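Topology and contacts: notes
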Amino acid sequence: QVQLVESGGGLVQPGGSLRLSCAASGTIFSIYDMGWYRQPPGKQRELVAIITKNGTTNSANSVKGRFTISRDNAKNTVYLQMNSLKPEDTAVYYCKVNLQRTLNSGLQNFWGQGTQVTVSS
């Protein structure tokens, strides 16, 4: 099986910073895209940022210049550095990993359990 363990959420004041981590473990042959999504209260889940295996990134316009996604392939871990946080960034943040479990298996998506980020004074 594959497990994704997220950490780093919490309560922060506007203008503050947080760093989220998501580590994948289990039967993993190769990891492709890794991404972060968020679901604000009462709204649908939305893409925050994504990073490919070779490091190409893309992010939502609402977080450009404030959030940075990165990954450590040796640790099967993806990070989200969030700076200049705003109240509208308040949401449950989820990581998603697209991976191949064995040489002969197809690609599958796995989701983390979610971590709460609250931006409030």
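Above: the structure in question.
Everything in this summary refers to the structure shown in the same document. It should be emphasised that the depicted structure is a prediction, and the values quoted were computed from it without experimental measurement.

Let's shift gears to the overall build of the protein chain. Scanning the protein chain from N- to C-terminus turns up 0 helices and 11 strands. Going from N to C terminus, the protein chain has its helices and strands arranged as β-β-β-β-β-β-β-β-β-β-β. Expressed along its principal axes, the backbone C-alpha trace of the protein chain runs to roughly 50 × 25 × 25 Å. Excluding contacts between residues fewer than 6 apart, the proportion of contacts in the protein chain whose partners are at least 24 apart in sequence is 56%. The positive charge centre, built from 12 side chains, and the negative charge centre, built from 6, are 3 Å apart in the protein chain.

Topologically, S25 is positioned in strand β3 (residues 18-26). By relative accessible area, which is 34% here, S25 ends up partly exposed. For S25 and N76, which are 51 residues apart along the polypeptide, the C-alpha to C-alpha distance reads 7.3 Å. Those residues in contact with S25 that lie beyond four places of it in its chain are Q1, V2 and Q3.

This next bit is on the nonpolar core. Judged by nonpolar contacts, the single largest core of 28 residues is most densely connected at W36, V48, F67, V78, L80, M82 and Y93. For this core, the secondary-structure elements that each account for two or more residues are β1 (2-7), β3, β4 (30-39), β5 (46-51), β7 (67-72), β8 (77-82), β9 (91-100) and β11 (115-119). Ranked by residue count, the leading element in this core is β9, at 5 residues. Look past the residues within four positions of L80 in its chain and what remains in contact with it is L18, R19, L20, W36, V48, A49, F67, T68, I69 and Y93.

Let's shift gears to the environment of L47. Residue placement: L47 occurs in strand β5. Put simply, L47 and C95 are 48 residues apart on the chain and 9.9 Å apart in space, counted from C-alpha to C-alpha. Discounting chain neighbours no more than four positions away, the residues touching L47 are W36, Y37 and A60.

Scanning the entire structure with this criterion turns up 2 aromatic pairs. Between Y94 and W111 the ring centres are 6.5 Å apart and the planes differ by 80 degrees, which places this aromatic pair in the edge-to-face class. Here the residue Y94 occupies a position in strand β9, and W111 occupies one in strand β10 (residues 107-111), the gap between them amounting to 17 residues. Using a relative accessible area of 14% as the deciding quantity, one classes Y94 as buried. The ring of Y79 has R19 lying over it, and the distance from NZ or CZ to the ring centre is 4.1 Å.

The final tally for this structure, using the stated rule, is 1 disulfide. There is a disulfide in this structure between C22 and C95, and the S-S distance comes to 2.0 Å. The disulfide joining C22 to C95 has a torsion of about 45 degrees about its S-S bond and is therefore right-handed. On the criterion of sequence distance, the pair formed by C22 in strand β3 and C95 in strand β9 is long-range, its members being 73 residues apart.

What counts and what doesn't
Per chain, residue numbering runs from 1 following the sequence as it is written. For this predicted model, a pLDDT threshold of at least 70 governs which residues receive local features, and a threshold of 80 or more governs which side-chain atom pairs are given and counted, while totals over whole chains, interfaces and linings are taken from all residues. To obtain the side-chain values, all non-hydrogen atoms of the structure were included, while hydrogens and water were left out. Comment: elements are numbered from the N terminus, with helices defined as DSSP H or I runs of at least four residues and strands as E runs of at least two. Pairs of residues are marked as contacts when any of their non-hydrogen atoms sit within 4.5 Å. As used throughout, the charge tally considers Lys and Arg to be positive and Asp and Glu to be negative, leaving His and the chain termini uncounted. The atom standing in for a charge is NZ when the residue is Lys, CZ when it is Arg, CG when it is Asp and CD when it is Glu. A simple rule labels every residue: compare its accessible area, found with a 1.4 Å probe on the protein chains alone, to the largest value its type can have, and call it buried under 20%, exposed over 50%, or partly exposed in between. In this description, a nonpolar core means a group of buried Ala, Val, Leu, Ile, Met, Phe, Trp, Tyr and Cys residues linked to one another through side-chain atoms lying within 4.5 Å. Under the pairing criterion, centres of Phe, Tyr and Trp rings, with the six-membered ring standing for Trp, must be within 6.5 Å; the plane angle then separates stacked pairs below 30 degrees from edge-to-face pairs above 60, leaving the rest tilted. Counting as a charge over the ring demands two things of the Lys NZ or Arg CZ atom: a distance within 6 Å of the ring centre and an angle within 35 degrees of the ring normal. Criterion for a disulfide: a pair of cysteine sulfur atoms within 2.5 Å.

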